[in-house]
Amino acid sequence: LPPGLAIRPLLMDDIPALEAIEAAAFEPRWRHSAADLFLAWRHSINFTVALMDGMPVAYQFSTGGDGNAHLSRMTVHPKQQGKGIGAALLANALENYRLQNIRTVTLNTQTDNLPSRRLYERFGFEATGFSYPVWSFFPSKVINDNPS
């Protein structure tokens, strides 16, 4: 672990700090709100927080069941990236999966996110060749384009 780093399960008091990490890391359409993070925790099989000197700087949550896990989200605050925090968080998640007898782990990342891809490849993840299109819907455009 990087000096000063600790990883532990999510506490409800962490959620505002995680929401701030989301705001720093993602554009609005991809951010999780506090309510989203609470629901993610409710449905997760593993939700951990990385703390640097006692302050939340990163987190991950995973979903799954029946021997499978999906790393749904791993976010490191942009100011803390490149320090080994993501690797420590991923190693911890993989150990938690092992303890839960997880046989298969999946995750998604953008093809142009080279730091994430290098991290996952370093841990033995392999691209499947599948790609998932992102669809958008803009209700206000539909309302404005279809006056009734």
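One can find the structure itself at the top, above this paragraph.
First things first, this report covers the structure right here in the doc. (Residues numbered from 1 in each chain as written. Predicted model: local features only at pLDDT ≥ 70, side-chain atom pairs only at ≥ 80, totals over all residues. Heavy atoms only, no water.)

Our next topic: the environment of alanine 58. The topology assignment puts alanine 58 in strand β3 (residues 55-65). According to the relative accessible area criterion, alanine 58 is buried, its value standing at 0%. With 16 residues separating them along the chain, alanine 58 and methionine 74 place their C-alpha atoms 7.4 Å apart. Filtering out sequence-adjacent residues up to four positions away, alanine 58 remains in contact with Ile21, Thr48, Val49, Ala50, Thr75, Val76, Ile85 and Leu89. (Helix = DSSP H or I, 4+ residues; strand = E, 2+ residues; numbered from the N terminus. Buried < 20%, exposed > 50% of the residue type's maximum accessible area, 1.4 Å probe, protein only. Contact = heavy atoms within 4.5 Å.)

What follows is about the pattern of salt bridges. Applying the stated rule across the entire model yields four salt bridges. For the salt bridge of arginine 29 with glutamate 27, the shortest nitrogen-to-oxygen distance reads 3.4 Å. On the basis of relative accessible area, glutamate 27 is assigned to the partly exposed category, the value being 44%. (Salt bridge = Lys/Arg side-chain N within 4 Å of Asp/Glu carboxyl O.)

For the rest of this paragraph, the subject is the packing of helix α3 (residues 85-99) against helix α4 (residues 114-122). Following both chains from N to C, one finds α3 and α4 inclined at 40°, their axes separated by 11 Å at the closest point. When the interaxial angle is binned, α3 and α4 end up oblique. Every pair of crossing elements has a handedness; the one defined by α3 and α4 is right-handed. Each of Gly86, Ala87 and Leu90 in α3 lies in contact with α4, whose residues at this interface are Leu119, Tyr120 and Arg122. Grouping the amino acids of the contact of α3 with α4 by side-chain chemistry returns four nonpolar, one polar and one charged. (Axes fitted to C-alpha atoms, helices over the stretch in contact; angles between N-to-C directions. Parallel < 35°, antiparallel > 145°, perpendicular 65-115°, else oblique. Left-handed = near helix turned anticlockwise from the far one by under 90°. Nonpolar A, V, L, I, M, F, W, Y, C, P; charged D, E, K, R; others polar.)

Our next topic: the packing of helix α1 (residues 15-25) against helix α2 (residues 34-43). In contact at an axis separation of 9 Å, α1 and α2 are set at 115° when each is read in the N-to-C sense. Accordingly, the angle class assigned to the pair α1 and α2 is roughly perpendicular. In terms of crossing hand, the pair formed by α1 and α2 is right-handed. When α1 is examined against α2, the residues Ile15, Leu18 and Glu19 are found in contact with a partner set consisting of Ala34, Leu37 and Phe38. In terms of residue class, the contact of α1 with α2 is made up of five nonpolar, no polar and one charged.

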